[in-house]
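Read off the chains here:
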There are 2 protein chains.
Amino acid sequence: MKKIIIASTSTLHEQLYLEYLLPALQSHFKNCKSILFIPYARPGGISHDKYTQKVAETFQVINISVKGIHEFENAETAIKNAEGIFTGGGNTFLLVSQLYKNNVMQLLSQTVKNGTPYLGTSAGSNICGLSMQTTNDMPIVYPPSFQTLGLVSFNLNPHYLDTDLESKHMGETREERIEEFHAFNAIPVLGLREGSWLEVKGEKITLKGNLSARLFQKNQLPTELDPESDLSNLK
Amino acid sequence: MKKIIIASTSTLHEQLYLEYLLPALQSHFKNCKSILFIPYARPGGISHDKYTQKVAETFQVINISVKGIHEFENAETAIKNAEGIFTGGGNTFLLVSQLYKNNVMQLLSQTVKNGTPYLGTSAGSNICGLSMQTTNDMPIVYPPSFQTLGLVSFNLNPHYLDTDLESKHMGETREERIEEFHAFNAIPVLGLREGSWLEVKGEKITLKGNLSARLFQKNQLPTELDPESDLSNLK
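Residues numbered from 1 in each chain as written. Chains lettered and ligands numbered in written order. Predicted model: local features only at pLDDT ≥ 70, side-chain atom pairs only at ≥ 80, totals over all residues. Heavy atoms only, no water.

The name an unreviewed UniProt entry assigns to chain A is dipeptidase E, from the organism Flavobacterium hydrophilum. You can read under Catalytic activity (unreviewed entry) in the UniProt record for chain A the words "Dipeptidase E catalyzes the hydrolysis of dipeptides Asp-|-Xaa. It does not act on peptides with N-terminal Glu, Asn or Gln, nor does it cleave isoaspartyl peptides." (UniProt positions renumbered as here; feature names shortened; annotations may be inferred.)

Put into structure tokens, the structure is as follows:
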């Protein structure tokens, strides 16, 4: 049975890393003594070691040990044997490139679909969708494909940002960018605001947190979904 | 002799399309009765025809006729025969995909290097750099490569946006995204604010407009360049 948390962000303004999610994570990973961390997205270019250390310090609070996938001789074996898996944020292009380079994109998808508890934040959430095509990140490296894990049958836009009506900036708003995606693609896109996450339990998908999420579907006006909305049938 | 205008944006807040640039364009395209428009970036998914029509209406003001590259039977011949070329903004991933699909990326680069006057705005400016890896756009389609025209020996970040120190949003700032690019790439990046443009005349590159531009180089602190700065030696 799938058991997944797909979070918009790791960190809320003026909070500690994962602080707002810790109660949910304690329950989510309750059967895990240790989890596998995938640091490939390397926010700001931080090293795999440093990123893993930061995550380990946080999970220590809920008595879970953390080991980075880069510490294993074989990334595939590491995923197969993991009690739980967390993919952290950073740059989605880099993350996806590394997952393909290490030949674990498909294996990771299958492993999580088979029931290994998974947490994604930001870039680690982006890859839960059918493709990474609704990321906000810069294409700093060229991945072999934009296809991702497909743990849900739609795409995510983490860190969803509402249009600033006061702005004089003429660059595209987030909503305009997602509409552009829909000019050429039919996959629904869920804009997850910071503080929101999806809880996937088996085939049931629920919006968690205190905020609404913005749903974009091709040829339809965007709609706002309340917390606790059921997204199980979205595809 | 190269003759290029690389503009951050087509449109300033509360202005008409290309309004602020028209005096410069009148001089830039002074020997052109007609120009070739490349509408491939299709902002908001607008059709090639509609986009070209909008551009034609603007250039009519300075007595230059406009024909879209899609109106020609052969895109290569259209580029070879053009008196001047303008690539409009929209989605850079789409633009680059279409330039490769129509087999004109290299030809366009060579044609502009050989002296055909060129104007780029936004996505059309992004492709003037060595790669499109510092675009702000969403990866709505998968291009065969991120390499672009290389008309200058650095990369552009159009619509450069300063960090909002009041923001509670935790997504990466533009500066953080460019720094992430430099964690994995050595190409200098010029952040062009809306209202700024580069004028390239032969080997001379000059910052135009009233605003400073922000220059990012690997392992260096960003610097501000004043209007009329000479960027000829940046590589």
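Residues and elements named next belong to chain A. The strand order S6-S7-S10-S11 describes an open sheet built from 4 strands, whose pairing is mixed. Each end of this open sheet is capped by a strand with a single partner; those strands are strand S6 (155-157) and strand S11 (223-225). Across the sheet, the mean angle from the axis of one strand to that of its neighbour is 30 degrees, orientation sign disregarded. Here strand S7 (residues 189-191) pairs with strand S10 (residues 213-216) via 3 bridges, running antiparallel. Opposite Gly191, over in S10, you have Arg214 as the bridge partner. Relative to S10, helix H7 (residues 174-184) is tilted by about 30 degrees, and along the sheet it contacts S6, S7 and S10. (Pairing = 2+ DSSP bridges. Helix = DSSP H or I, 4+ residues; strand = E, 2+ residues; numbered from the N terminus. Axes fitted to C-alpha atoms, helices over the stretch in contact; angles between N-to-C directions. Contact = heavy atoms within 4.5 Å.)

A separate point is the state of the cysteines. Two cysteines form a disulfide when their sulfur atoms are joined by a covalent bond. Residues and elements named next belong to chain A. Inspection of every chain in the model, using the stated rule, returns 0 disulfides over all chains. Cys32 forms no disulfide, and the closest cysteine sulfur to it belongs to Cys128, at a distance of 16 Å. Overall, the relative accessible area of 7% leaves Cys32 in the buried class. (Disulfide = S-S within 2.5 Å. Buried < 20%, exposed > 50% of the residue type's maximum accessible area, 1.4 Å probe, protein only.)

All names here are of chain B. Here strand S5 (residues 118-121) shows no split at all, with Tyr118 and Gly120 on one side and Leu119 and Thr121 on the other all buried. Bridge count for strand S1 (residues 3-7) against S5 is 4 bridges, and the pairing is parallel. The residue bridging Ile5 from the neighbouring strand is Leu119, located in S5. The pairing of strand S4 (residues 85-87) with S5 spans 3 bridges and is parallel. Within S5, the position partnered with Ile85 by the bridge is Tyr118.

Among all positions of H7 of chain A, only Arg174, Glu175, Arg177, Ile178, Glu180, Phe181 and His182 of chain A are buried. Tucked into the core, H7 of chain A has its buried residues touching S6, S7 and S10 of chain A.

Mapping chain A onto chain B is achieved by rotating through 180 degrees and translating by 0.0 Å along the same axis, at an RMSD of 0.0 Å. Those values place the two copies in the arrangement expected of a two-fold rotation axis. Mapped onto chain B, 100% of the interface residues of chain A are again interface residues, and the two copies thus contact each other with one and the same surface. (Least-squares fit on C-alpha atoms with pLDDT ≥ 70 in both.)

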